[in-house]
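Coordinates in review
Here are the chains, one letter per residue:
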Amino acid sequence: MGYKEVYSAWQADPDKFWMQAAEKIDWDSKPSKALFDGDAPFFEWFSDGMVNTCWNAVDRHVEAGRGDQIAIMHESPITHSTKGITYRELQTRVASLAGALKMRGVEKGDRVIIYMPMIPEALEAMLACARIGAVHSVVFGGFAANELAVRIDDCTPKAIIAASCGLEPGRVVHYKPLLDEAIELATHKPEFCVIFQREQEVAKLIEGRDFSWHGFQYGVKPAECVPVEGNHPAYILYTSGTTGQPKGVVRHTGGHLVALQWSMNNIYKIEEGDRFWAASDVGWVVGHSYICYGPLIAGATTVVFEGKPIGTPHPGVFWRIIQNNRIKSFFTAPTALRAIKREDPTGEWIKRYKLHDLQALFLAGERADPDTVEWAQKHLNVPVVDHWWQTETGWAIAANPIGIEELPTKVGSPSVPMPGYDVQVLDEGGHPLPPGELGAITIKLPLPPGTLPTLWNAEDRFKKSYLEHFPGYYETGDAGYIDEDGYLYIMARTDDVINVAGHRLSTGAMEEVLAGHPDVAECAVIGVADDLKGQSPMGFLCLNSGCNRPEAEIVQECVKRVRDKIGPVAAFKLACIVDRLPKTRSGKILRATMVKIADGQDWKMPATIDDPAILDEITQALKVLGYPKA
Ligand code: COA
Ligand code: AMP
């Protein structure tokens, strides 16, 4: 069957389609049907089945005789080490950690925060939670203590599993002091913490609260897999919304398993025994779906990469790892390729490695610019598959499903909708737009298995953020169009979310932090175009009247403040002081116009502007910062 037949089969009978897909999962008790729609607009999948994620990701492969296959390959150019863990070893290690968590009282439904760098133990911690039905929430290491504290208060974990440190080029990230500070800041206190001590930095443990990873597991009884309901939360993953309070995306167990298994086979063309690598971080959704769960559920080998695309030690590191691990499908963000392309424009580093096994390169996380796609296609000589998805969906909304059929690609488009997704472009009034016309990209409800059923502790916010604007549809927050051939084009966000180096960040959250500076009366943050990172945040600060402190000092304090409160990953480095912000007569800040001026695009004076002269001032301030760039 080709793509069209598969998509039509789903359209004709979605329940049959997903029940068939569910056959690839080992259920303790099979679900009676796929969709549970009794509580629309809330939808659930496979709710009455009983299943365990860890069993499907680990144990079943050992049972099937593949215990000696490498499950996780740790490639850490930053520590100069390479280490493989077989499925059998993974089973032993995960069962032991799960047993220790259980002995300390962690039960099905309890939350556990995981705050770890790119080491196999991060995946082991996730799987150990899954084994006993605990709900993990992984927090990205590039966030500051305050962000961790916000997540601790929202998901109220019984335990936190962390590492002593992370390693960035030329810098040790001191996880333990950040963790201690976060617990101090948070109102909720975890009962205990488990710390994986890395040799690069041994952390001081707090007696009675902290246990070392190995000591914690000493002499414990390994835990068996606990079957959970199909609609039991597998995890919560926080992502940026329009405010400083992140959204806790919930993932249910049954749909997660079915969707990831389907996507591994049909999108990434990966089967048992194959080797797959997603160069992202466990703190992001790509890391959840395609470093940890997807490849392991499919019985493939996954790579945990601790390094950067360049500088660790050279721009050939990706190709070396693909060669040495005989990777078949590779997934990265366009920004990583842009970084490599900048240092290796003619692909000399690519030529040094044998990439015979590579069948395709997958890109996601941000818009894949045509230059980068063409560069990769030319030098790698494999299909470059741009695919589009979000933390909320957990797997691709649109892709070129090379496991079914390699469709012709169109540069600038992440190709076509996957089964389960009825993608529609709507105008402001909610009417479908004809091909080629730009509008809000929506998905007709229900969303398919594996996507978010709701937000943790925030059902109203779930409805308000995604379901209210276009009743009957899920609002993606992206704008774009569909062409005559059904190919999607993703052009921009419709909200205050920006994308910096493939990382999703909220300008609203940064504004909240800046507004907290004692000298700042008002501020605006926008995302300006950046050759490497796609976008960079830029802040405009209006000071309290009477403030006569040196402006440079205040700007410096504000930059530091965002780094300290949100984290280095925000990469907030550009800010300037202005007298006033451009606003509409009703007081809305004209951020979109500011972006256009900064990016050197054509712009029109908004009819609703309160005082046009302010835009001259903004233009001057941008000039001083070097914008628009030549
Ligand atoms: N823990 C702690 N700090 C982290 C971190 C982590 N896991 N990840 C990033 N940071 C820090 C960096 O050290 C850097 O700090 P600095 O300001 O002190 O230099 C800051 O956050 C910004 O990091 P980054 O976005 O990585 O920028 P960079 O300039 O160091 O590197 C690239 C540029 C393009 C090489 C890098 O952004 C990259 O590899 N991008 C790909 C990201 C990706 O795969 N995203 C996919 C998500 S699906
Ligand atoms: P995240 O939730 O961090 O995965 O970010 C999701 C957002 O990133 C999407 O809503 C898009 O705005 C953007 N995005 C992800 N993949 C793509 C893509 N292939 N093309 C364009 N934008 C993308």
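The sections below set out a description of the structure shown in this document. (Residues numbered from 1 in each chain as written. Chains lettered and ligands numbered in written order. Predicted model: local features only at pLDDT ≥ 70, side-chain atom pairs only at ≥ 80, totals over all residues. Heavy atoms only, no water.)

**Considerations on the sheet that holds strand β1 (residues 27-29)**
Filter applied, for reference: Two strands are counted as paired when DSSP detects at least two bridges linking them. A run of H or I in DSSP counts as a helix once it spans at least four residues, and a run of E counts as a strand once it spans at least two, with each numbered from the N terminus.
Here 3 strands make up an open sheet; going across it, the order is β1-β4-β14 and the pairing antiparallel. The sheet terminates laterally at β1 and β14 (228-229), the two strands that pair on one side only.

**Looking at the site of ligand 2**
Put simply, the rule reads: When we say a residue is near a molecule or strand, we mean one of its heavy atoms is within 4 Å of it. As used in this structure description, the phrase polar contact means that two N or O atoms lie within 3.5 Å; if the pair is within protein, one of them must be able to donate a hydrogen and the other to accept it, and residues adjacent in sequence are counted only when both atoms belong to side chains. In the scheme used here, Gly and all other residues not listed as nonpolar or charged are polar, with Ala, Val, Leu, Ile, Met, Phe, Trp, Tyr, Cys and Pro taken as nonpolar and Asp, Glu, Lys and Arg as charged.
Around ligand 2, 15 residues are found, and the nearest of them are His387, Thr391, Asp478, Arg493 and Arg504. At 3.1 Å, a backbone N or O of Gly365 approaches a nitrogen atom of ligand 2. Side-chain polar atom of Asp386 to a nitrogen atom of ligand 2: 2.8 Å apart, as the coordinates give it. Its residues assigned to classes, the shell around ligand 2 shows 4 nonpolar, 5 polar and 6 charged.

**Let's talk about helix α7 (residues 175-185)**
What counts is decided by this rule: The classification of residues rests on relative accessible area computed with a 1.4 Å probe and restricted to protein chains. Under 20% of the type maximum is buried, over 50% is exposed, and intermediate values are partly exposed. To be clear, the arc concerns the directions from the helix axis to the C-beta atoms.
When α7 is considered as a whole, its buried residues turn out to be Tyr175, Lys176, Leu179, Ala182 and Ile183. Buried residues of α7, seen end-on, are gathered within an arc of 120 degrees and therefore sit on one face of the element.

**Observations regarding the sheet that holds strand β25 (residues 439-444)**
The strands making up a sheet are joined through hydrogen bonds of the backbone, oriented either antiparallel or parallel. Short version of the rule: Simply put, an axis is a line fit to the C-alpha atoms, just over the touching stretch for a helix, and the angle between two N-to-C directions goes from 0 to 180 degrees.
Spatially, 4 strands are ordered β24-β25-β26-β27 in an open sheet, and the strand pairing comes out antiparallel. The sheet is open, and its two borders are formed by β24 (423-426) and β27 (488-493), each paired with just one other strand. In this sheet, neighbouring strand axes are inclined to one another by 50 degrees on average, regardless of whether the strands run parallel or antiparallel. Bridge count between β25 and strand β26 (residues 473-482): 5 bridges; the pairing is antiparallel. Within β26, the position partnered with Gly439 by the bridge is Gly480.

**Considering the nonpolar core**
Test applied: Side-chain atoms within 4.5 Å link the members of a nonpolar core, which is a set of buried Ala, Val, Leu, Ile, Met, Phe, Trp, Tyr and Cys residues. Residue contacts follow a heavy-atom distance rule, with two residues in contact if any of their heavy atoms lie within 4.5 Å.
Core analysis: the biggest nonpolar cluster contains 120 residues, and Trp18, Met116, Leu127, Trp262, Tyr290, Phe331 and Trp395 have the highest contact counts within it. Per-element tally for this core: the top contributor is helix α5 (residues 120-132), with 9 residues. When near neighbours in sequence (up to four residues on either side) are disregarded, Trp262 contacts Val6, Phe17, Trp18, Ala21, Ile267, Trp395, Ile404, Met418 and Pro419.

**Considerations on the site of ligand 1**
In the vicinity of ligand 1 lie 23 residues, with Glu168, Arg171, Lys308, Lys533 and Arg563 positioned nearest. Here an oxygen atom of ligand 1 sits 3.0 Å away from a polar atom, N or O, in the side chain of Lys308. Within the side chain of Lys573, an N or O atom sits 3.3 Å from an oxygen atom of ligand 1. Here the shell around ligand 1 is composed, by residue class, of 10 nonpolar, 6 polar and 7 charged.

**Side note on the side chain of Thr301**
Tracing the backbone through its elements, the reader meets Thr301 in strand β18 (residues 301-305). Of note is the side chain of Thr301, whose polar atom sits 3.5 Å from the side chain of Gln69. Beyond its immediate chain neighbours, meaning those up to four positions away, Thr301 contacts Gln69, Ile70, Ala71, Asp274, Arg275 and Phe276.

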